[in-house]
Amino acid sequence: MTSTRRPPARAGQRIATRKPREPTLRIGGTLALPVVLRSLGADPAEVLAEAGFDVTLFDDPDNLVSYAARNRLIAHCVAKTGCRHLGLLVGQQGGLHALGLLGLLVKYSPDVEAALRSLVRYTHLHVRGAVTTLETDGDTAMLGHEIYQPGSEATDQVADGALATMFNVMRALCGPEWKPLEVRFAHDKPTDAGPFRRFFHAPLRFNAEQNALVFSAYWLQRRLPDTDPALRRLLEKQIGALDARYG
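All values derive from a computational prediction rather than experimental measurement. (Residues numbered from 1 in each chain as written. Predicted model: local features only at pLDDT ≥ 70, side-chain atom pairs only at ≥ 80, totals over all residues. Heavy atoms only, no water.)

(A) Quick peek at the overall build of the chain. A tally of helices and strands in the chain yields nine helices and seven strands. Considering the chain as a whole, with its 247 residues, one finds that 47% of them fall into the buried category. A fraction of 70% describes how many contacts in the chain between residues 6 or more apart in sequence connect residues 24 or more apart. Taken as a whole, the chain presents about 13,500 Å² of accessible surface, with 50% of it coming from carbon and sulfur. Looking at the chain, you have 30 positive and 26 negative side-chain charges, and the mean spots of the two groups are 7 Å apart. (Helix = DSSP H or I, 4+ residues; strand = E, 2+ residues; numbered from the N terminus. Buried < 20%, exposed > 50% of the residue type's maximum accessible area, 1.4 Å probe, protein only. Contact = heavy atoms within 4.5 Å. Areas by Shrake-Rupley, 256 points an atom, 1.4 Å probe, with all protein chains shown as cover. Lys, Arg positive; Asp, Glu negative; His and termini not counted. Charge placed at Lys NZ, Arg CZ, Asp CG, Glu CD.)

Quick look at the structure:
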C-alpha cells in the first residue's frame, strides 16, 4: 500500500504549492472601449497607457486580461472621462459577435431556451469572475449576471455593460419586438438614469438583489431561424474540447 501524503519538509526546505489561477476574460466583451473613449473626447492610447495597458490589446477579441485588471481599467476610464454610464456605452456595442465561438453556438441553437442554456453553461470560457444565470418562475424568466470575483472595482459599470450586451443578445435571438418586462440593477440609482431609459425602453429597478433582465417566459420557446444541426454539433465539439482543456 502506497501513501500519497507529502513527506515532512527538512529544515530550510521550501514546499512548493500551486497558486490558484487568476480569473481572466476575453477582451472581446470590452472591445468597444477605445471607440467609447474617443466618442467622449478622450485619447484612447493615452488613457489606456495611464492604466498600464497598450491599445493594441484591443486588436484581437481573443486576447486575455485578468478580470481584476479589466475592472481597474474601467474604473480609471470612468474617472478620466467623468462619464458615469461608460460601462453601459461599452456594453451597448456588444452582442453575439463579442462572444466568439460561444456566440456562434448560441446563434445556431434550435430555440431561445437552448441558446441561453448554452450561454449559461459556457460563459466561463468567455469570462471568469462572473457567471450568467437563467431562472424561470411560472410565466416569467430572468437572465442574470452575477459577479463573484471578490474585491473587484467598478462592478456597477461592468454589470451595466453585461446587461446591455445580454439585451442585444436577446434582440438578436428574438427580434426587435422583444422587450424586457423589467431591468434590474444591483447598485444605486445613478444621478442621471436617462441613458438607461433610452437604451432599455423598459421599467428599471435599482438596488435590486441581482443584475437581470426579466421577460416573459414564452420567448424561451421561440424557434431560431439559423438552426443548423451539423454546424451546431461541430461547435459543441470544439467548445467541449476547450471546456475540457480550460474549464
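(B) Representation of helix H3 (residues 67-81) within the structure. The terminal C-alpha atoms of H3, which comprises 15 residues, lie 21 Å apart, in line with the 21 Å expected from a rise of 1.5 Å per residue. Taken as a whole, H3 has its buried residues at Tyr67, Ala69, Arg70, Asn71, Leu73, Ile74, Cys77 and Val78. Residue Gly82 follows H3 closely and has a positive phi angle near 75°. (Expected span 1.5 Å × (residues − 1).)

(C) How the structure looks around the pattern of salt bridges. Enumeration over the complete set of coordinates arrives at eight salt bridges. When the shortest N-O distance is used, the salt bridge between Lys80 and Glu50 registers 3.4 Å. Here Lys80 is found in helix H3, whereas its partner Glu50 is found in helix H2 (residues 44-50), with 30 residues between them in sequence. Given the relative accessible area of 45%, Lys80 is considered partly exposed. With a shortest N-O distance of 3.2 Å, Arg232 and Glu236 are connected by a salt bridge. One end of the pair is Arg232 and the other is Glu236, both in helix H9 (residues 229-246) and four residues apart, which spans about a single turn. The buried category is assigned to Arg232, whose relative accessible area is 13%. Residues joined in a network through salt bridges with shared partners are Glu182, Arg184 and Arg205. (Salt bridge = Lys/Arg side-chain N within 4 Å of Asp/Glu carboxyl O.)

(D) Up close: unusual backbone geometry. Its identity as a non-glycine residue notwithstanding, Ala154 has a phi of 50°, on the positive side. Note on placement: Ala154 falls in the loop between strand E4 (140-147) and helix H7 (155-174). Assessed through its relative accessible area of 15%, Ala154 is described here as buried. A positive phi is found at Asn207, a non-glycine position, where the angle reads about 60°. Looking at where Asn207 falls in the secondary structure, it is placed in the loop between strand E6 (204-205) and strand E7 (211-216). Take Asn207: its relative accessible area is 53%, and that puts it in the exposed class.

(E) Structural context of the sheet that holds strand E3 (residues 130-137). Spatial strand order, E3-E4-E7-E5-E6: five strands in an open sheet with mixed pairing. The sheet is open, and its two borders are formed by E3 and E6, each paired with just one other strand. As paired elements, E4 and E7 share six bridges and run antiparallel to each other. Residue pairing for E7: Gly144 is matched across the bridge by Ala212. Here helix H6 (residues 112-122) sits on the sheet in contact with E3, E4 and E7, set at roughly 145° to E3. (Pairing = 2+ DSSP bridges. Axes fitted to C-alpha atoms, helices over the stretch in contact; angles between N-to-C directions.)

(F) Empty space enclosed by the protein, seen in detail. Taken as a whole, this structure holds one cavity of 30 Å³ or more when the rule is applied. Taken as a whole, the largest cavity encloses approximately 450 Å³ of empty space. Lining the largest cavity are 29 residues; nearest its centre among them are Gly29, His126, His145, Ala162 and Thr165. Among the secondary structure elements, those contributing two or more residues to the lining of the largest cavity are strand E1 (24-26), H3, helix H4 (86-92), E3 and H7. Of all the elements, H7 adds the most residues to the lining of the largest cavity, at seven residues. Looking at side-chain class alone, the lining of the largest cavity contains 14 nonpolar, 13 polar and two charged residues. (1 Å grid on protein atoms, 1.4 Å probe; cavity = no way out; pocket = protein on both sides within 12 Å on 5 of 7 lines; lining within 4 Å. Points joined across faces, edges and corners; volume = space filled by probe spheres on them. Nonpolar A, V, L, I, M, F, W, Y, C, P; charged D, E, K, R; others polar.)

(G) Main features of the pairing of E4. Bridge count for E3 against E4 is eight bridges, and the pairing is antiparallel. Looking at the pairing, Glu135 lines up with Met142 of E4. Remark: two residues form the turn of the hairpin made by E3 and E4, two consecutive strands paired antiparallel; Gly138 in that turn has positive phi of roughly 65°.

Distances and angles like these do not, on their own, reveal function.
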